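# What the coordinates show
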Amino acid sequence: MRVVQNTQMELGEIDVSQIKFDLRSRDDIPKILRGLQHLYMNEELRHSVFALLESEIAPKVDKSTGRPGMTLWSILVCGVLRLDLNADYYRLHELVNQHKTLREMLGHHLYDEDKKYVYQTLVENVNLLTPELLDKINQIIVAGGHALLKKGEGVLRGRCDSFVVETDVHFPTDINLLWDALRKAITLTAHWCERQQLSDWRQYSYNLRQLKRLMRSAQNKKRSKAKTRQDKIDAQVTQAHQAYIDQARSHLDKIQATLTKLTATASTELLQKIEIEGYIKHAERQIDQIERRVIKGEVIPHAEKVFSLFEPHTEWISKGKAGVPVELGVKVCILEDQHQFILHHHVMEKQTDDQIAVSIIAEAKKRFPKLNTCSFDKGFHSPANQAELIQHLDQITLPRKGKLSKERQAVERTEEFVKARRAHSAVESAINALEVHGLDKCPDHGIDGFKRYVALAIVTRNIRRMGDILWQQDVERARKAKEKSLKYQRTA
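In this report, the structure presented in the accompanying data block is examined. (Residues numbered from 1 in each chain as written. Predicted model: local features only at pLDDT ≥ 70, side-chain atom pairs only at ≥ 80, totals over all residues. Heavy atoms only, no water.)

Another point: the overall build of the protein chain. The secondary structure content of the protein chain amounts to 17 helices and seven strands. Judged by the C-alpha coordinates and their principal axes, the protein chain covers about 90 × 75 × 45 Å. Residue burial in the protein chain is summarised as follows: out of 492 residues, 47% are buried. By sequence separation, contacts in the protein chain at least 24 residues apart represent 70% of the contacts at least 6 residues apart. Accessible surface, the protein chain as shown: approximately 26,200 Å² in total, 50% of it carbon and sulfur. For the protein chain, the separation between the mean place of its 77 positive charges and that of its 66 negative charges on side chains is 5 Å. (Helix = DSSP H or I, 4+ residues; strand = E, 2+ residues; numbered from the N terminus. Buried < 20%, exposed > 50% of the residue type's maximum accessible area, 1.4 Å probe, protein only. Contact = heavy atoms within 4.5 Å. Areas by Shrake-Rupley, 256 points an atom, 1.4 Å probe, with all protein chains shown as cover. Lys, Arg positive; Asp, Glu negative; His and termini not counted. Charge placed at Lys NZ, Arg CZ, Asp CG, Glu CD.)

Here we come to the packing of helix H3 (residues 72–84) against helix H4 (residues 89–98). Packed helices, taken two at a time, are described by their axes: the angle between them and the distance between them. At a minimum axis distance of 10 Å, the contact between H3 and H4 shows a crossing angle of 125°. Relative to H4, H3 is oriented oblique. H3 and H4 meet at a crossing whose hand is right-handed. Contact residues: Cys78, Leu81 and Arg82 in H3; Tyr89, Leu92, Leu95 and Val96 in H4. (Axes fitted to C-alpha atoms, helices over the stretch in contact; angles between N-to-C directions. Parallel < 35°, antiparallel > 145°, perpendicular 65-115°, else oblique. Left-handed = near helix turned anticlockwise from the far one by under 90°.)

Let's shift gears to the packing of aromatic side chains. Under the counting rule described, the total for this entry stands at ten aromatic pairs. A centroid spacing of 5.2 Å and a plane angle of 55° characterise the contact between tyrosine 40 and tryptophan 73, whose relative ring orientation is tilted. With tyrosine 40 in helix H1 (residues 28–41) and tryptophan 73 in helix H3, this residue pair connects regions lying 33 residues apart in the sequence. Residue tyrosine 40 is classed as buried on the basis of its relative accessible area, which comes to 15%. Consider the rings of tyrosine 279 and phenylalanine 310, whose centres lie 6.4 Å apart with planes at 55°: the pair is tilted. Of this pair, tyrosine 279 sits in helix H11 (residues 270–295) while phenylalanine 310 sits in the loop between H11 and strand E2 (315–317), placing them 31 residues apart in sequence. (Phe/Tyr/Trp six-rings, centres within 6.5 Å; stacked < 30°, edge-to-face > 60°.)

This next bit is on the state of the cysteines. In the structure shown here, the tally under the stated rule is zero disulfides. Here cysteine 160 is not cross-linked by a disulfide; its sulfur's nearest cysteine counterpart is in cysteine 333, at 3.3 Å. For cysteine 160, a relative accessible area of 0% puts it in the buried group. The structure places no disulfide on cysteine 374, whose sulfur is separated from the nearest cysteine sulfur, that of cysteine 160, by 5.3 Å. (Disulfide = S-S within 2.5 Å.)

Counting residues in hydrophobic clusters, the biggest one holds 94 residues, and the most contacted among them are Leu36, Leu39, Leu53, Trp73, Met105 and Ile334. Ranked by the residues each element gives to this core, the list is headed by helix H17 (residues 446–491), at 13 residues. (Core = buried A, V, L, I, M, F, W, Y, C linked by side-chain atoms within 4.5 Å.)

Most of strand E4 (residues 342–348) is tucked away, with six of its seven residues classed as buried. In this structure, strand E3 (residues 327–337) lies alongside E4, joined through six bridges in antiparallel fashion. By the bridge assignment, lysine 331 is partnered in E4 with methionine 348. Counting the residues that bridge the hairpin from E3 to E4 gives four residues, and of these glutamine 340 lies at a positive phi of roughly 70°. (Pairing = 2+ DSSP bridges.)

Summed over all chains, the structure comprises one cavity of 30 Å³ or more. Of the pockets and cavities examined, the largest cavity occupies roughly 30 Å³. Those elements that place two or more of their residues in the lining of the largest cavity are helix H7 (131–148) and H17. When the residues that make up the lining of the largest cavity are grouped by side-chain class, the tally is four nonpolar, two polar and one charged. (1 Å grid on protein atoms, 1.4 Å probe; cavity = no way out; pocket = protein on both sides within 12 Å on 5 of 7 lines; lining within 4 Å. Points joined across faces, edges and corners; volume = space filled by probe spheres on them. Nonpolar A, V, L, I, M, F, W, Y, C, P; charged D, E, K, R; others polar.)

Spelled out as structure tokens, the structure:
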């Protein structure tokens, strides 16, 4: 049986609303917990969030039966804390089992020290959160944040920009991608042989070492700075690469022969065979590209290149930043309001800024109808975007590229345009905050994991923003109380 949160308090348990924080603390944990505490204490916010958690976390599973698992509130708290601290699951595992204030937030008390979270339990439960669920929760949190600032009736002024969230991959080259494919194909085939008691790949560790030695030789020849004739260096590079791909082909032929035997003896393990054949196709593609590029001197079209075998959604992105020639990941576009809450985001799979400018505003307007102005940078400009955005917003600040006409110069020199243009750079602060709190590199696997990680980072950032506001209010309240106490003592 899985519940949202235990309603019956036990002996020694502290109600979430009674948790006290040290206002002198400069650590991250108290402030994010303060935001979560407000989310729990505000009855309207709590009911809305709990209803979503109950209906959309594992919707096909009957939550009224079975063993008691993590409460749905605990899942949200753990996910938010992981992103805010930019922590991996090992640190999260340590914190939820040892951090006193965090355990109080999770609903534990002084006498249940034996109730510990298992590492795999945390991983599996946090992964139950979906991007769609997190997007709905984010809308509730932003509305709650506006109410906290008493800005719910005002118009919203947005600023929109994109940045790259890196994937957890190494720098791709033809030869190391071929190594990745063969390493996985050989290892999986060898382990399958061991289970079926076949001796075809009993020396697979030695085979891998020999293959890696050839790969390193090809790398070193390419990087060589020896003072010899260029034609001689080119010949050595070609020879090293040819030896590498010849050995790779030999291993691929042997894997194919072994798969024929294994399929005959273990016909039920079709998924294993499909996985190995997938890595074989990757290896064959990389061999072909090495031959074309190194031996035949061809230029490989960008569309044919793969930048990671394990994270295939990874893109090669060059934004022209100083000192950062290329980034490996996926671009994410965010829309922030003047109160520093992120209203909406969009994961840009193989998309450019100008392709998503209209859609992100249209989606944001559905969620927040009071959004009536927005600023962009030049990357979002296109003639069609200029025409369509004005249908959604009262004012758009979208500078055009290239030489401007006199009419356009007059528009971009108006007081409103200049003021919005100057305020636009504040979105970089939001991007930096996201990167510091977990969104610099995504450790989760697959495009689904990437989208979940990004959506959770947006929710976390907005909860943290609520926590910062409340923290400032608490500090100011404590300061006034202290001044009042001192004044009373002086007059007494």
